[in-house]
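Chain by chain, the residues:
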Amino acid sequence: MPTNRFDFSRCSEVVARELIGITVLINGVGGRIVETEAYDQQDAASHSFGGQTPRNAAMFGPPGRAYVYRSYGIHWCLNFVCRDQGHGAGVLIRALEPTAGMAVMQSRRGLDNPRLLCAGPGRVGQALNIDASFNDLPLDEPPFQLLGRPGTEPVVMLTGPRIGISKAAETPWRFGEAGSRFLSRRF
DNA sequence: AGTATGATTGCCT
DNA sequence: GGCAATCATACTG
(Lines give C-alpha, C1' and ligand atoms only; values in the text may rest on other atoms or scores of the structure.)
Protein backbone atom coordinates (compact mmCIF):
# COMPACT_ATOMS: atom_id res chain seq x y z
CA MET A 1 0.00 0.00 0.00
CA PRO A 2 1.12 3.55 -0.61
CA THR A 3 2.50 5.49 2.28
CA ASN A 4 3.14 9.13 3.03
CA ARG A 5 6.24 8.23 5.02
CA PHE A 6 9.60 8.75 3.43
CA ASP A 7 12.98 9.05 5.12
CA PHE A 8 14.41 12.44 4.23
CA SER A 9 17.02 12.46 7.01
CA ARG A 10 19.79 11.23 4.77
CA CYS A 11 22.17 12.87 2.35
CA SER A 12 20.76 14.54 -0.75
CA GLU A 13 22.38 12.13 -3.19
CA VAL A 14 20.70 9.09 -1.61
CA VAL A 15 17.34 10.83 -1.32
CA ALA A 16 17.58 12.09 -4.90
CA ARG A 17 18.07 8.52 -6.14
CA GLU A 18 15.31 7.07 -4.01
CA LEU A 19 12.77 9.67 -5.08
CA ILE A 20 12.81 8.36 -8.65
CA GLY A 21 9.59 6.40 -9.03
CA ILE A 22 7.86 8.07 -6.08
CA THR A 23 4.62 9.90 -6.85
CA VAL A 24 4.16 13.47 -5.65
CA LEU A 25 0.75 15.10 -5.60
CA ILE A 26 -0.36 18.57 -4.57
CA ASN A 27 -4.07 18.71 -3.94
CA GLY A 28 -4.31 15.43 -5.84
CA VAL A 29 -2.51 16.73 -8.92
CA GLY A 30 0.90 15.56 -10.06
CA GLY A 31 2.74 12.43 -11.08
CA ARG A 32 5.65 10.07 -10.75
CA ILE A 33 9.08 11.61 -10.21
CA VAL A 34 11.38 10.70 -13.10
CA GLU A 35 14.19 13.24 -12.68
CA THR A 36 15.91 14.85 -9.67
CA GLU A 37 19.07 16.70 -8.72
CA ALA A 38 20.90 16.67 -5.38
CA TYR A 39 22.26 19.80 -3.67
CA ASP A 40 24.27 20.04 -0.49
CA GLN A 41 25.93 22.70 1.62
CA GLN A 42 29.45 21.52 0.69
CA ASP A 43 28.48 22.04 -2.93
CA ALA A 44 29.34 25.31 -4.67
CA ALA A 45 26.28 25.00 -6.94
CA SER A 46 23.84 24.89 -4.04
CA HIS A 47 21.82 27.83 -2.78
CA SER A 48 22.87 26.74 0.72
CA PHE A 49 26.59 26.92 -0.07
CA GLY A 50 27.21 30.32 1.48
CA GLY A 51 25.27 29.56 4.65
CA GLN A 52 21.78 30.40 5.73
CA THR A 53 19.99 33.47 4.31
CA PRO A 54 16.31 34.47 4.33
CA ARG A 55 15.80 32.94 0.91
CA ASN A 56 17.28 29.52 1.61
CA ALA A 57 16.20 29.18 5.25
CA ALA A 58 13.90 26.24 4.53
CA MET A 59 16.90 24.20 3.37
CA PHE A 60 18.35 24.53 6.85
CA GLY A 61 15.15 23.51 8.61
CA PRO A 62 13.83 20.02 9.34
CA PRO A 63 14.06 17.43 6.56
CA GLY A 64 10.86 16.42 4.81
CA ARG A 65 9.69 19.92 3.99
CA ALA A 66 9.49 21.88 0.75
CA TYR A 67 12.02 24.47 -0.35
CA VAL A 68 10.54 26.67 -3.06
CA TYR A 69 12.51 29.34 -4.90
CA ARG A 70 11.98 31.70 -7.79
CA SER A 71 14.15 30.90 -10.78
CA TYR A 72 15.26 33.55 -13.26
CA GLY A 73 12.58 35.85 -11.86
CA ILE A 74 9.94 33.77 -13.59
CA HIS A 75 9.59 30.15 -12.49
CA TRP A 76 8.84 28.49 -9.19
CA CYS A 77 10.96 25.44 -8.48
CA LEU A 78 10.25 22.72 -5.93
CA ASN A 79 12.82 21.02 -3.73
CA PHE A 80 12.52 18.48 -0.96
CA VAL A 81 14.65 19.34 2.08
CA CYS A 82 16.73 16.42 3.30
CA ARG A 83 19.61 15.40 5.58
CA ASP A 84 19.75 16.58 9.19
CA GLN A 85 18.42 19.92 10.27
CA GLY A 86 21.01 22.65 9.81
CA HIS A 87 22.86 20.96 6.95
CA GLY A 88 21.38 22.94 4.08
CA ALA A 89 20.61 20.10 1.69
CA GLY A 90 17.81 19.43 -0.75
CA VAL A 91 16.65 17.66 -3.87
CA LEU A 92 15.31 19.55 -6.87
CA ILE A 93 12.30 17.91 -8.51
CA ARG A 94 13.12 18.30 -12.20
CA ALA A 95 10.50 16.24 -13.99
CA LEU A 96 7.37 14.19 -13.46
CA GLU A 97 5.54 11.61 -15.48
CA PRO A 98 2.08 13.19 -15.20
CA THR A 99 -0.48 10.74 -13.80
CA ALA A 100 -3.08 12.63 -11.78
CA GLY A 101 -5.13 15.70 -12.66
CA MET A 102 -4.04 15.81 -16.30
CA ALA A 103 -6.79 18.21 -17.33
CA VAL A 104 -5.91 20.67 -14.57
CA MET A 105 -2.23 20.56 -15.45
CA GLN A 106 -2.96 20.98 -19.15
CA SER A 107 -5.04 24.01 -18.37
CA ARG A 108 -2.41 25.55 -16.07
CA ARG A 109 0.30 24.97 -18.65
CA GLY A 110 -1.80 25.98 -21.62
CA LEU A 111 -0.71 22.85 -23.46
CA ASP A 112 -2.03 19.39 -24.26
CA ASN A 113 1.12 17.39 -24.87
CA PRO A 114 1.60 15.21 -21.74
CA ARG A 115 5.26 14.94 -22.57
CA LEU A 116 5.85 18.66 -21.96
CA LEU A 117 3.57 19.10 -18.96
CA CYS A 118 6.17 18.47 -16.25
CA ALA A 119 9.45 18.06 -18.16
CA GLY A 120 11.60 20.59 -16.28
CA PRO A 121 11.59 22.25 -12.86
CA GLY A 122 9.82 25.40 -14.05
CA ARG A 123 7.19 23.35 -15.82
CA VAL A 124 6.62 21.22 -12.73
CA GLY A 125 6.10 24.41 -10.75
CA GLN A 126 3.55 25.71 -13.20
CA ALA A 127 1.71 22.38 -13.58
CA LEU A 128 1.42 21.93 -9.81
CA ASN A 129 0.61 25.62 -9.23
CA ILE A 130 3.58 26.09 -6.91
CA ASP A 131 4.33 29.49 -5.43
CA ALA A 132 6.10 30.98 -2.42
CA SER A 133 3.28 29.94 -0.11
CA PHE A 134 4.44 26.32 -0.42
CA ASN A 135 7.89 27.10 0.93
CA ASP A 136 8.71 25.25 4.18
CA LEU A 137 5.50 23.20 4.15
CA PRO A 138 5.76 19.60 5.44
CA LEU A 139 5.61 16.99 2.70
CA ASP A 140 3.63 14.45 4.70
CA GLU A 141 0.57 16.64 5.14
CA PRO A 142 -1.96 18.15 2.78
CA PRO A 143 -1.77 19.69 0.27
CA PHE A 144 1.23 17.40 -0.31
CA GLN A 145 1.02 13.66 -0.77
CA LEU A 146 3.87 11.27 -1.44
CA LEU A 147 2.94 7.82 -2.68
CA GLY A 148 5.06 4.72 -3.05
CA ARG A 149 8.25 3.44 -1.47
CA PRO A 150 11.81 3.35 -2.77
CA GLY A 151 12.70 0.01 -4.35
CA THR A 152 9.09 -1.02 -4.80
CA GLU A 153 9.43 -0.97 -8.58
CA PRO A 154 12.61 -1.73 -10.46
CA VAL A 155 13.94 1.54 -11.87
CA VAL A 156 16.91 1.71 -14.19
CA MET A 157 18.74 4.82 -13.05
CA LEU A 158 20.59 7.31 -15.19
CA THR A 159 23.23 9.59 -13.68
CA GLY A 160 24.80 12.71 -15.09
CA PRO A 161 25.97 16.27 -14.51
CA ARG A 162 23.42 18.78 -13.27
CA ILE A 163 21.80 21.30 -15.58
CA GLY A 164 21.91 25.07 -15.63
CA ILE A 165 24.68 25.58 -13.09
CA SER A 166 28.12 27.10 -13.52
CA LYS A 167 29.92 25.93 -10.37
CA ALA A 168 30.63 22.27 -9.61
CA ALA A 169 29.08 21.55 -12.98
CA GLU A 170 30.91 18.25 -13.32
CA THR A 171 29.41 16.71 -10.15
CA PRO A 172 27.15 13.88 -11.39
CA TRP A 173 24.21 14.57 -9.13
CA ARG A 174 21.42 14.47 -11.67
CA PHE A 175 19.33 11.31 -11.63
CA GLY A 176 16.62 10.01 -13.90
CA GLU A 177 14.69 7.00 -14.98
CA ALA A 178 16.14 5.31 -18.05
CA GLY A 179 13.78 5.25 -20.98
CA SER A 180 11.30 7.79 -19.63
CA ARG A 181 9.85 10.12 -22.25
CA PHE A 182 9.16 12.73 -19.58
CA LEU A 183 12.73 13.82 -18.81
CA SER A 184 13.62 17.49 -19.16
CA ARG A 185 16.60 16.61 -21.34
CA ARG A 186 18.49 13.55 -22.45
CA PHE A 187 21.30 12.35 -20.20
C1' DA B 1 19.71 19.33 -34.10
C1' DG B 2 21.91 23.11 -32.31
C1' DT B 3 22.38 27.88 -30.84
C1' DA B 4 20.72 32.44 -29.52
C1' DT B 5 17.70 35.66 -27.00
C1' DG B 6 14.26 37.96 -24.14
C1' DA B 7 11.21 37.71 -20.16
C1' DT B 8 11.32 39.19 -15.16
C1' DT B 9 12.23 39.63 -9.94
C1' DG B 10 14.15 38.87 -5.50
C1' DC B 11 18.29 38.18 -3.23
C1' DC B 12 23.06 38.89 -2.41
C1' DT B 13 27.79 41.33 -3.07
C1' DG C 1 24.08 46.33 -10.04
C1' DG C 2 24.55 41.61 -11.26
C1' DC C 3 23.01 37.41 -11.46
C1' DA C 4 20.15 33.08 -11.41
C1' DA C 5 19.08 25.08 -10.07
C1' DT C 6 14.47 28.13 -16.81
C1' DC C 7 11.45 28.21 -20.79
C1' DA C 8 9.51 29.44 -25.21
C1' DT C 9 10.46 31.13 -29.45
C1' DA C 10 13.13 32.19 -33.40
C1' DC C 11 16.59 31.76 -35.87
C1' DT C 12 20.71 28.80 -38.51
C1' DG C 13 22.65 24.76 -40.98
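You'll find the structure just up there.
About the criteria used
Residues numbered from 1 in each chain as written. Chains lettered and ligands numbered in written order. Predicted model: local features only at pLDDT ≥ 70, side-chain atom pairs only at ≥ 80, totals over all residues. Heavy atoms only, no water. Phe/Tyr/Trp six-rings, centres within 6.5 Å; stacked < 30°, edge-to-face > 60°. Buried < 20%, exposed > 50% of the residue type's maximum accessible area, 1.4 Å probe, protein only. Lys NZ or Arg CZ within 6 Å of the ring centre and 35° of its normal. Helix = DSSP H or I, 4+ residues; strand = E, 2+ residues; numbered from the N terminus. Pairing = 2+ DSSP bridges. Near = heavy atom within 4 Å. Polar contact = N/O pair within 3.5 Å; in protein donor to acceptor, adjacent residues only side chain to side chain. Nonpolar A, V, L, I, M, F, W, Y, C, P; charged D, E, K, R; others polar.

*Asks:* Kindly report on the packing of aromatic side chains, identifying the contributing residues and their values.
*Replies:* Inspection of the entire model under this criterion finds four aromatic pairs. Considering the side-chain rings of phenylalanine 6 and phenylalanine 8, the 4.8 Å spacing of their centres and the 45° angle between planes classify their relative orientation as tilted. You'll find phenylalanine 6 and phenylalanine 8 in the same group, each marked buried. The structure contains a cluster of three or more aromatic residues connected by ring pairs, namely Phe6, Phe8 and Phe80. Taking NZ or CZ as reference, arginine 174 lies 3.7 Å from the ring centre of phenylalanine 187, over its face.

*Asks:* Mind laying out the pairing of strand β4 (residues 75-82), listing which residues take part and the relevant values?
*Replies:* The element β4 is extensively covered by neighbouring structure, given that six of its eight residues are classed as buried. Relative to β4, strand β3 (residues 66-71) runs antiparallel, the two sharing six bridges. Residue pairing in the sheet places tyrosine 69 in a bridge with cysteine 77 of β4. Taking the residues that link successive antiparallel strands as the turn, the β3-β4 hairpin has three residues, and the phi of tyrosine 72 there is positive, at about 55°. As consecutive antiparallel partners, β4 and strand β5 (residues 89-100) are separated by six residues, and within that stretch arginine 83 has a phi angle of approximately 65°, a positive value.

*Asks:* How would you explain the protein's contact with DNA strand C if you had to name every residue and give the values?
*Replies:* Around DNA strand C there are 22 residues in total, and His47, Tyr69, Tyr72, Asn79 and Arg123 lie nearest to it. Between DNA strand C and the protein, one listed contact pairs a phosphate oxygen with a side-chain N or O atom of arginine 94 at 3.3 Å. Sorting the residues of the surface near DNA strand C by element identifies β3, β4, β5 and α3 (121-127) as the ones contributing at least two each. Grouping the constituent residues of the surface near DNA strand C by class yields 10 nonpolar, nine polar and three charged.

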